[in-house]
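Spelled out, the chains give:
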Amino acid sequence: MQVELRNPNVIMKLSRLGSFHQSKLSFLRSFLKEFKDWEYKRDLFDLDEFGYGVAVYSFKKNNRVYSLICFANELSENERSDRVIATKWDAAFTLHDGVPTKKDIERLKNEVPKQEVGRLSYKELTLSRANKSVRIFDHVVESLSSGIQPDINLLSKVGYLYRTTAVYGSGKFGLADRFRIKNREEIYGPFRLEMMLVYFVRQFTFDQVNHVAKNKNPKKAVNLDPEICRNLGIGNSTGLGMAPFIVNHPTLLNNWIYAREVALKKIREIKNVKTENSDLFKNCLKKSIKNITSWNTESEYQKKKIKSLLRDLNIFINFLEKNFDFSKEFAFNEIYLWLEKNSEEECIEYVVSMMMEPYDDIVNPLINTMSSEEEKYFNIPTDRTVFELRTILENKYSKILKIDFSKKENNQNFWFISKNKEEPRLADRFMESGSELEQPLAIARDIKKLYDALSVFKNSSTIDKFLVKNSDLRHVVRRAFVIEKFPYSEIQDNTIGQSIIPIDMLRLKLSFFGALKFDPRSDKWLRICMFQGAPLPEQLKNYDDHWVYNSLN
Amino acid sequence: MKSLSEIETVSKRSSKAAGFSWGIAEEVGKNIRILELFGLGGIKNLNYYFRVRNKRNFEKLHLVSNENKTAKLEFCPIIAGLNFLDQVRSLEILNEIIFEKIAYPLLFLPFVSRASEVIGKKIQLKIDNRVFLLNYNNSIYSNSLNEGIVEVGNNVLIKFQENKDSFEENEWRELYKLSENTFVEESDSLKQDGAGAGLTDND
């Protein structure tokens, strides 16, 4: 049986993308898989009694070494802020390519804590900073220094000791350009070095908390139980900075979604599902419920989604146990069709992620297809005709072409770059000034404009002639030829409409990162947790690939 | 040192701020990255061009032909370059293309370099006495590097290079013969079994 790939007009709607969950394809999981047999080392740990100083961690294999350099600094209460406008943090980090020399560390000591206003070199690959969850960190120090383990319930409510507020890579602030490293096989998957940085930072937080507790009470202090460590991750606060990324990298976006869609299609096409695989699927599904019941948020929007997810999942599990026979042919296809009929988007996508768990043979080859050589698709095929371009628009943007942009609500917002932080922002076009400096992120509106312009141009004209008269539409002409080849490269929604929920865009990206427990703090930023339940570096060689569902929380 | 990613982003944004559309600004960002990657003064020339552009007008060349002359104003290197790139598939039948007076011609160069990749042919670009051989946008060979700012190219000549060997047939044969010394002379039994198949393709 041949199953069709799911329709991009459905899957690429923001509400659907904003319902995606982590899966085996997620970058933090594929990072662990790739680096599990690398040699892990803590090369330097030079902190004072309060936990301030420098530490270096590394992964090594053959002649390749990646080193995380951590700088922990004193920060007064009134300086601590998760907002991107902060200028100081509890700790700052950079991932260095190779073994850093003393000179490198000295150089970086002056630059890394400054983050966006510091300068890195081609020897550094990623950059980040993080703040303590003070309440949790202090509680853990107090407990450990008194010789007892901290309150697990309190820890599980937060899920981490530190929160990062940005992770930068790919040439930002002088970091190495991607072209310098893109041919390294170990980093074929996207964001692998960003994931490495976060993973090392997680370990640093455990080492630091143990160190501070030990110094506080050398005689009595105990180390944080490794099992508690394993159940802690790294938090992350994410704002709108991430949203334009998925619009600005259409082929990359396509490759992420396409990998997921191909995996689903292949799983639905399995004629006879082996018992061991259906058992693993059911087992992961049941265990994963813990991740939902421990999902804390104040956001009414998210609470509603969690409630619907939990309700749908319980109905689904009931259906699986009472009314479903896995020995029938194309069982996963039947499950998928049942979900489409009986569940909301959040649950459908949750189960889609879960279906991948038993199938390394399907998922693993797809992981290496998730990067993109974007340059290859930059040139516009200007010898194509107006007729061909118009046909592409009609086929690929059929829903978008129906949006009426003369209505105020469809044109309500604009995206801009803030002058003080050079970060993307969203504002009301009719309330705020600055819309004349709008970023080219209103793709739906501009595609509609392109369609209108094409309809008064001669069908047989070539695109080079069209562009002479319509250079203001060049950016969307390029995109239209990209979507012709990459069906999942475009969000099929209006990114400037009144009803846009920008965190849907963040959620999409973060789900591919492998984040759990999305906690929206407004419609424009959210908190998440990464690597919660993941093996510690010493446990990597023999870790359970389904660790995501084995956390204590 | 600035990364190429920073160079591309800043060039793109500044081009938009200078009055170009986002689509054209994206092209300029990509081009300045190419120039800087190949060691040519992209940022320097773009900066000066935008500075001058505030005070002076430039001619916009929309349809490129075999001879492109401007009566008074110099050609804008970005519009001329962009249209050359967009129209190159129909222009490659011309052996040579001449432009008179292109302002800041180094900004024109990356469009030609990218055009070389599009049509799969090397292109020779002469800007007065400076010669550049543009190899499918993979490399640039030139007699004129590190010149800083070039304000105008009075005579700019583009020559499409046919895809042909750069050597004589006898030179090839000589080298080929030498390479044969790595082969093993086959005995009858090797002829029979060495390839793993029969002596003919259809037995």
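Rules and cut-offs
Residues numbered from 1 in each chain as written. Chains lettered and ligands numbered in written order. Predicted model: local features only at pLDDT ≥ 70, side-chain atom pairs only at ≥ 80, totals over all residues. Heavy atoms only, no water. Buried < 20%, exposed > 50% of the residue type's maximum accessible area, 1.4 Å probe, protein only. Helix = DSSP H or I, 4+ residues; strand = E, 2+ residues; numbered from the N terminus. Polar contact = N/O pair within 3.5 Å; in protein donor to acceptor, adjacent residues only side chain to side chain. Contact = heavy atoms within 4.5 Å. Salt bridge = Lys/Arg side-chain N within 4 Å of Asp/Glu carboxyl O. Pairing = 2+ DSSP bridges. Axes fitted to C-alpha atoms, helices over the stretch in contact; angles between N-to-C directions. Buried area = accessible area lost by both parts, 1.4 Å probe. Nonpolar A, V, L, I, M, F, W, Y, C, P; charged D, E, K, R; others polar. Core = buried A, V, L, I, M, F, W, Y, C linked by side-chain atoms within 4.5 Å. Domains from an automatic or database assignment. Phe/Tyr/Trp six-rings, centres within 6.5 Å; stacked < 30°, edge-to-face > 60°. Lys NZ or Arg CZ within 6 Å of the ring centre and 35° of its normal.

On to helix α20 (residues 503-513) of chain A, then. Residues and elements named next belong to chain A. Here α20 lies mainly inside the structure; eleven of its eleven residues are buried. Listed as buried for α20 are Ile 503, Asp 504, Met 505, Leu 506, Arg 507, Leu 508, Lys 509, Leu 510, Ser 511, Phe 512 and Phe 513. At the exit of α20 stands Gly 514, carrying a positive phi of roughly 110°.

Turning our eyes to something else, we now look at the side chain of Arg 192 of chain A. All names here are of chain A. Here Arg 192 is to be found in helix α7 (residues 192-216). Judged by relative accessible area, which is 3%, Arg 192 ranks as buried. Among the polar contacts listed, one links the side chain of Arg 192 to the backbone oxygen of Glu 186, at a separation of 3.2 Å. The contacts of Arg 192, once residues within four sequence positions are left out, are Ser 30, Phe 31, Glu 34, Phe 35, Glu 186, Ile 187 and Ile 367.

Bringing the pattern of salt bridges into the picture now. All names here are of chain A. All chains considered together, the criterion is met by 55 salt bridges over all chains. Glu 346 is paired through a salt bridge with Arg 507; the nearest N and O atoms lie 2.5 Å apart. Here Arg 507 lies in helix α20 and Glu 346 lies in helix α14 (residues 345-355), a separation of 161 residues in the sequence. Exposure class is identical for Glu 346 and Arg 507. Each is buried. The partner of Arg 479 in a salt bridge is Glu 490, and the shortest N-O contact between them spans 2.5 Å. Placement of the pair is Arg 479 in helix α19 (residues 474-485) and Glu 490 in the loop between α19 and α20, with a sequence separation of eleven residues. No difference in accessibility class separates Arg 479 from Glu 490, as the two residues are buried. Residues joined by salt bridges that share partners form a network here, namely Arg 6, Arg 16, Arg 260, Glu 261, Glu 345 and Glu 349.

Residues and elements named next belong to chain A. In spatial order, the strands read β1-β2-β3-β4-β5-β6-β7-β11-β10; together these nine strands make up an open sheet with mixed pairing. The open sheet has two edge strands with one neighbour each: β1 (39-47) and β10 (516-520). Neighbour-to-neighbour, the strand axes of the sheet open up by a mean angle of 25°, direction not taken into account. Bridge count for β10 against strand β11 (residues 526-530) is three bridges, and the pairing is antiparallel. Bridging from a neighbouring strand, Pro 520 pairs with Leu 526 of β11. Across the sheet, α20 touches β7 (233-238), β10 and β11, and the angle it forms with β11 is around 5°.

What follows deals with the interface of chain B and chain A. In this assembly, 26 residues from chain B lie in contact with 30 residues from chain A. A buried area of about 2,300 Å², summed over both sides, lies between chain B and chain A, and 47% of it is on carbon and sulfur atoms. Taken as a group, Trp 22, Asp 86 and Arg 89 of chain B account for 24% of the area that chain B buries against chain A, more than any other trio of residues on that side. Here chain B is connected to chain A by seven salt bridges. If you look at where chain B meets chain A, you find 20 residue pairs in polar contact (both at pLDDT 80 or more). Among the elements of the structure, α1 (4-17), α2 (22-37), α4 (77-91) and α5 (109-119) of chain B are those that each provide at least two residues to the side of chain B that touches chain A. Element by element, the count of residues in the side of chain B that touches chain A is highest for α2 of chain B, at eight residues. When its residues are assigned to classes, the side of chain B that touches chain A shows eight nonpolar, seven polar and eleven charged.

Our next topic: the nonpolar core. Side chains that are nonpolar tend, in soluble globular proteins, to be buried together. Residue and element names in this part refer to chain A. Counting residues in hydrophobic clusters, the biggest one holds 167 residues, and the most contacted among them are Phe 281 and Ile 335. Summarising the domain contributions, this core has at least three residues from each of domain 1 (36-239) and domain 2 (374-485). With residues near it in sequence (within four places) discarded, Ile 335 still touches Phe 281, Phe 316, Leu 320, Phe 324, Phe 326, Val 351 and Met 355.

All names here are of chain A. Summed over all chains, the structure comprises 53 aromatic pairs over all chains. Aromatic pair Phe 27 and Phe 191: ring centres 6.0 Å apart, planes at 20°, arrangement stacked. Of the two residues, Phe 27 sits in helix α3 (residues 27-35) while Phe 191 sits in the loop between β6 (160-168) and α7, which places them 164 residues apart along the sequence. In this pair, the class of Phe 27 matches that of Phe 191, namely buried. Feature note: the residues Phe 31, Phe 35, Trp 38, Tyr 40, Tyr 57, Phe 59, Tyr 66, Phe 93, Tyr 199, Phe 200, Phe 204 and Phe 531 constitute an aromatic cluster, connected by ring pairs. Taking NZ or CZ as reference, Lys 509 lies 3.9 Å from the ring centre of Phe 245, over its face.

Partitioning chain A into domains gives domain 1 (36-239) and domain 2 (374-485). Here the C-alpha centroids of domain 1 of chain A and domain 2 of chain A sit 41 Å apart.

The next thing to look at is the sheet that holds strand β4 (residues 130-135) of chain B. All names here are of chain B. Spatial ordering of the open sheet is given by β1-β2-β6-β3-β4-β5, a layout of six strands whose pairing is mixed. In the strand order of this sheet, the two ends are held by β1 (67-68) and β5 (139-142), each with one partner. When β1 meets strand β2 (residues 96-103), the two strands line up parallel, connected through two bridges. Along β2, the bridge assignment pairs Asn 68 with Phe 99. Taken strand by strand, α4 contacts β2 and β6 (152-160), and its axis lies near 170° from that of β2. Most of the contacts of α5 go to β4, to which it runs at about 35°, and overall it touches β3 (123-127), β4, β5 and β6.

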